Amino acid sequence: MKFDTVIVGAGISGCVLAERLANENNHKVLIIEKRDHIAGNMYDYYNDEGILIHKYGPHFFRTDKEEIWEYLARFTDWHYYEHKVKSSVQGQLVPFPINLDTYNLVHGTGLSTDEFKVKLEENKFTDSPKNAEEAIINQVGEKFYNLFFKNYSIKQWGRSPKELHADTVKRVPVRLDREDRYQLAKYQGLPSKGYTHLFKNLIKSDNIKFLLNTDYKEVIDGVNYDQLIYTGPLDYYFDFKFGKLEYRSLKFEEKTYTTDSFQEEAVINYPNNYAYTRITEYKKMTGQKHHNTTVHYEYPIEYKRGESDPYYPILNDKNADLKDKYISEATSLENVYFIGRLAEYRYYAMDDAVEAALHLYDTKFSKLKS
Ligand code: FAD
Ligand code: UDP
């Protein structure tokens, strides 16, 4: 059989492009996926207890862009949910990202927003922090760096924040007021029947076939196709010819408790104690009613090809140089498109990934409609 497009990877990047090409261009699309399921890192399922959990860690959808929200709303209804996180420091749970309440709870003070602002400004020592440690100290000062960020980041990344690019932490703000939502985006929620259900709707066209449990390199030589969209790891496509890009991986320990509620927010961060970084209680995100509750203890681990999954690109100069070499090679290829978190080796939140995929479709493929 002849395919117009082969897509490597059934995550959101690959499946949005499959949906567009199959439904708008009437392309015959083949998706090849290494894992035994669709939905990439957004995959969720009901565990033995009947509780909906996210296999690869907590995924909470947010965007400021109406067009992204509306695009996905064609394939799902939404469970409206605003994510909140607490951090466990000095024996108490305090709001995270740091806000006015966090400051006052840690110091036992009652500062106003204006007074807090003055305190924060005293920390600022540079306009261009050289690394993640400088970026945080510049923003919140040494005390809060040590309490909330230093040990968490060492656990998360397996290296000191000094060795990480400032961008690693730039998505974590500081709030001068008492705002305690993790993100302020206009649209926030989770698909009401789960992410996997959304994906099933996204790729239900008869024009789309998929192969699971298959590394594309095992089969690609025998497939007849015109163009390839690649969402797997950038370095793997090129057989690591310039060297290996580094990733950080995660391991999840799942526990179900015979109680309706385990903790006070969906996510509690543990910067300074334990080997895990955070505990997620899924029912608090999904809104599911159940007499028991399932949590994930999240342990960052070293990434080893074949043994663990590549989750987070590690942002440092060495990896940035390597990435540039691969990207310049990738852009010189004809009829091969690299898109998504692994193939572009960059941190994409889900909405960014959807936006990038729609943008690729609009700029490269929408004119080719048949
Ligand atoms: P992926 O979902 O990784 O999909 C790529 C697919 O390619 C995978 O299924 C993989 O198995 C497949 N593949 C790889 N190699 C091959 C091969 N050789 N052959 C065949 N298939 C292959 N974003 C948010 O917006 N909010 C959140 O709360 C959030 N939480 C997150 C928490 C964690 C722990 C992580 C790791 C990420 C989180 N994200 C979150 C980011 C989100 O997961 C990504 O934006 C999204 O999954 C990117 O989709 P993708 O399709 O680019 O990549
Ligand atoms: N971070 C931290 N302490 C925290 C939460 C985050 O030091 O309690 C740092 C850490 O380096 C992390 C980065 O901020 O990797 C980004 O945090 P975010 O919550 O966005 O991480 P993600 O949701 O991607 O795991």
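Residues numbered from 1 in each chain as written. Chains lettered and ligands numbered in written order. Predicted model: local features only at pLDDT ≥ 70, side-chain atom pairs only at ≥ 80, totals over all residues. Heavy atoms only, no water.

Novice: When you look at the sheet that holds strand 10 (residues 208–211) in this model, what are you seeing that I'm missing?
Specialist: As a general point, the strands of a sheet are linked pairwise by backbone hydrogen bonds and lie either parallel or antiparallel. With parallel pairing, five strands are arranged side by side in an open sheet as 10-2-1-11-17. Each edge of the sheet is formed by a strand with only one pairing partner; in this case those strands are strand 10 and strand 17 (336–338). Between one strand axis and the next, the sheet turns through 25° on average, direction left out of account. Relative to strand 11 (residues 224–230), strand 1 (residues 2–8) runs parallel, the two being bridged by six bridges. Bridge pairing in strand 11 links F3 to Y225. (Pairing = 2+ DSSP bridges. Helix = DSSP H or I, 4+ residues; strand = E, 2+ residues; numbered from the N terminus. Axes fitted to C-alpha atoms, helices over the stretch in contact; angles between N-to-C directions.)

Novice: Where do I start with the layout of surface pockets in this structure?
Specialist: The gaps of empty space that remain are located by a probe, the size of a water molecule, rolled over the atoms. Approximately 690 Å³ is the volume attributed to the second largest pocket. Lining the second largest pocket are 26 residues, with K170, R171, Y347, A349 and D352 sitting closest to its centre. Of all elements in the fold, only strand 5 (61–63), helix 10 (317–331) and helix 11 (350–365) reach the threshold of two or more residues within the lining of the second largest pocket. Residue contributions to the lining of the second largest pocket peak at five residues, all from helix 10. The class makeup of the residues in the lining of the second largest pocket is eight nonpolar, five polar and 13 charged. (1 Å grid on protein atoms, 1.4 Å probe; cavity = no way out; pocket = protein on both sides within 12 Å on 5 of 7 lines; lining within 4 Å. Points joined across faces, edges and corners; volume = space filled by probe spheres on them. Nonpolar A, V, L, I, M, F, W, Y, C, P; charged D, E, K, R; others polar.)

Novice: Looking at this model, I keep getting lost on the side chain of H54. Mind explaining?
Specialist: Locating H54 in the fold gives a position in strand 4 (residues 52–54). With near-sequence residues (within four places) excluded, H54 lies in contact with Y43, D44, H59, L190, Y195, Y282, M285, T286 and H296. (Contact = heavy atoms within 4.5 Å.)

Novice: Looking at this model, I keep getting lost on the site of ligand 1. Mind explaining?
Specialist: Close to ligand 1 lie 32 residues; S13, E33, H59, Y348 and M350 are nearest. In the model, a nitrogen atom of ligand 1 is placed 3.2 Å from a nitrogen or oxygen of the D215 side chain. Within the backbone of R341, one N or O atom sits 3.0 Å away from an oxygen atom of ligand 1. Considering ligand 1 on its own, with 1000 Å² of exposed area, one finds that the protein chains cover 96% of that surface. (Near = heavy atom within 4 Å. Polar contact = N/O pair within 3.5 Å; in protein donor to acceptor, adjacent residues only side chain to side chain. Areas by Shrake-Rupley, 256 points an atom, 1.4 Å probe, with all protein chains shown as cover.)

Novice: Got a minute to help me understand empty space enclosed by the protein in this structure?
Specialist: On inspection of all chains with the given rule, the structure shows one cavity of 30 Å³ or more. By volume, the largest cavity is sized at about 50 Å³. In this structure, the largest cavity is lined by W157, T168, R171, Y312, P313, L315 and Y347.

Novice: How should I be thinking about unusual backbone geometry in this particular structure?
Specialist: Working note: non-glycine residues mostly have negative phi, and peptide bonds are mostly trans. In this structure, P97 follows F96 across a cis peptide bond, with omega equal to 0°. You can see P97 is positioned in the loop between strand 8 (92–96) and helix 3 (100–107). Even without glycine at this site, A39 takes up a positive phi of about 90°. Of note in the backbone geometry, Y345 takes a positive phi value of approximately 50° without being a glycine. Within the secondary structure layout, Y345 lies in the loop between strand 17 and helix 11.

Novice: Any chance you could explain the sheet that holds strand 6 (residues 78–80) here in plain terms?
Specialist: Pairing is antiparallel across the open sheet formed by three strands, whose spatial order is 5-9-6. The outermost strands of the open sheet, each flanked by one partner alone, are strand 5 and strand 6. Between one strand axis and the next, the sheet turns by 40° as a mean value, whatever way the strands run. Sheet topology note: the strand 5/strand 9 (residues 187–191) ladder contains three bridges and is antiparallel. From the neighbouring strand, F61 faces strand 9, where its bridge partner is G189.

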